[in-house]
Amino acid sequence: MTARRILRLTGGDVDIFLQGLITNDIARLDAGIVYTALLTPQGKYLADFFLSRDGDGVLLDADEDLSDSLIKRLSMYKLRADVTITKTDLVMQRGTGPAPDGALPDPRHAALGWRRYVAEPTDEEDDTDWDALRVAHCIPETGVELTPDTFILEAGFEALNGVDFKKGCFVGQEVTARMKHKTKLRKGLRVVSIDGTAPVGTDIMSNGKPAGTLLTQSGDRAIAYLRFDRMSDAMEAGDATVRGL
């Protein structure tokens, strides 16, 4: 599991500020945790994160490696808005067993269980194999399936409840909406079968042509970024054999 950094956003303009930037509808916070992303104006991925209410503020749960650049980007957009962004010492916990007090469902998929934010770690997390769960349900991970080259629709953000096309404008919205309404996706993440292993990032070849990239692996399954027109039952990734499902 990647390390997480929990930020707190406070101030009278927090909701309005976030609503104009993120891919999801801030109003969904009233129902629980919101999964969302911040994009470039060209519609490419900058960061994905979780938002949740915290009294009169909002907690932002992001990959620790992205947190400093995310703070800088949000601060750039803040201008004169009444928004303060601070780092916290809170810890994110998650599990798939019975949810403890203060936990909320992970909004991406029911199989991903619950998340909560605490001041001190406890022993209520379980021994869930998170990579196996992610592969089974094609859940992208920051820094693996989600990179600066990612378009979020190719990463399955609609199925993950990570984008709302009825909320109005957000940064990168024009490109994202055009991909949804005017084109058929020709590339994206898919679960594949794999015989053997190969490093994350290994090129996948099909009939001698580049077909995609091998990503997270678990057992005899993996997540791959693929060109759909080149998917086949005879693909290779290094010494491993990859088959479309």
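As a reminder, the structure under discussion sits directly above these lines.
Just so it is clear, the model here is predicted, and its values are computed rather than measured.

A few words on the overall build of the protein chain. A tally of regular secondary structure across the protein chain gives 4 helices and 14 strands. Over its C-alpha trace the protein chain gives a radius of gyration of 19 Å, about what one expects of a compact globule, namely 18 Å for 245 residues. Along the three orthogonal principal directions, the C-alpha set of the protein chain runs to about 55 × 45 × 30 Å. Within the protein chain, buried positions represent 49% of all 245 residues. For the protein chain, the accessible surface area stands at approximately 12,100 Å², while carbon and sulfur atoms represent 49% of it.

By the element assignment, Lys182 lies in the loop between α4 (173-181) and β9 (187-195). Overall, Lys182 belongs to the exposed group, its relative accessible area being 69%.

Right, let's get into the sheet that holds strand β7 (residues 104-105). Pairing is antiparallel in the open sheet, where 3 strands are placed in the order β6-β8-β7. Sheet topology places β6 (91-95) and β7 at the edges, where each strand pairs with a single neighbour. Relative to strand β8 (residues 114-118), β6 runs antiparallel, the two sharing 5 bridges. Bridged to Val91 within β8 is Val118.

The side chains of a regular strand alternate between the sheet's two faces. When β9 meets strand β12 (residues 221-227), the two strands line up antiparallel, connected through 7 bridges. Bridged to Val192 within β12 is Ala222. The pairing of strand β11 (residues 209-218) with β12 spans 5 bridges and is classified as antiparallel. The partner of Gln217 across the bridge, within β12, is Ala222.

The next subject is the environment of Gly97. Tracing the backbone through its elements, the reader meets Gly97 in the loop between β6 and β7. When its relative accessible area of 32% is taken as the criterion, Gly97 is described as partly exposed. Excluding anything up to four places from it in sequence, Gly97 contacts Trp114 and Asp126.

The subject of this paragraph is the pattern of salt bridges. By the definition in use, this model includes 18 salt bridges. The salt bridge partner of Lys87 is Asp68, with a shortest N-O separation of 2.9 Å. Taken together, the positions of Lys87 in strand β5 (residues 84-87) and Asp68 in helix α2 (residues 64-78) put the pair 19 residues apart, joining distant regions of the chain. Note on Lys87: relative accessible area 47%, which makes it partly exposed. Since its relative accessible area comes to 43%, Asp68 is described here as partly exposed. For the salt bridge of Arg178 with Glu174, the shortest nitrogen-to-oxygen distance reads 3.9 Å. Residue Arg178 and its partner Glu174 are located together in helix α4, separated by 4 residues, close to a single helical turn. Counted as one network, the salt bridges with shared partners bring together Arg4, Asp61, Asp106, Arg108 and Arg115.

How each quantity is defined
Residues numbered from 1 in each chain as written. Predicted model: local features only at pLDDT ≥ 70, side-chain atom pairs only at ≥ 80, totals over all residues. Heavy atoms only, no water. Helix = DSSP H or I, 4+ residues; strand = E, 2+ residues; numbered from the N terminus. Rg over C-alpha atoms; globule rule 2.2 N^0.38 Å. Buried < 20%, exposed > 50% of the residue type's maximum accessible area, 1.4 Å probe, protein only. Areas by Shrake-Rupley, 256 points an atom, 1.4 Å probe, with all protein chains shown as cover. Pairing = 2+ DSSP bridges. Contact = heavy atoms within 4.5 Å. Salt bridge = Lys/Arg side-chain N within 4 Å of Asp/Glu carboxyl O.

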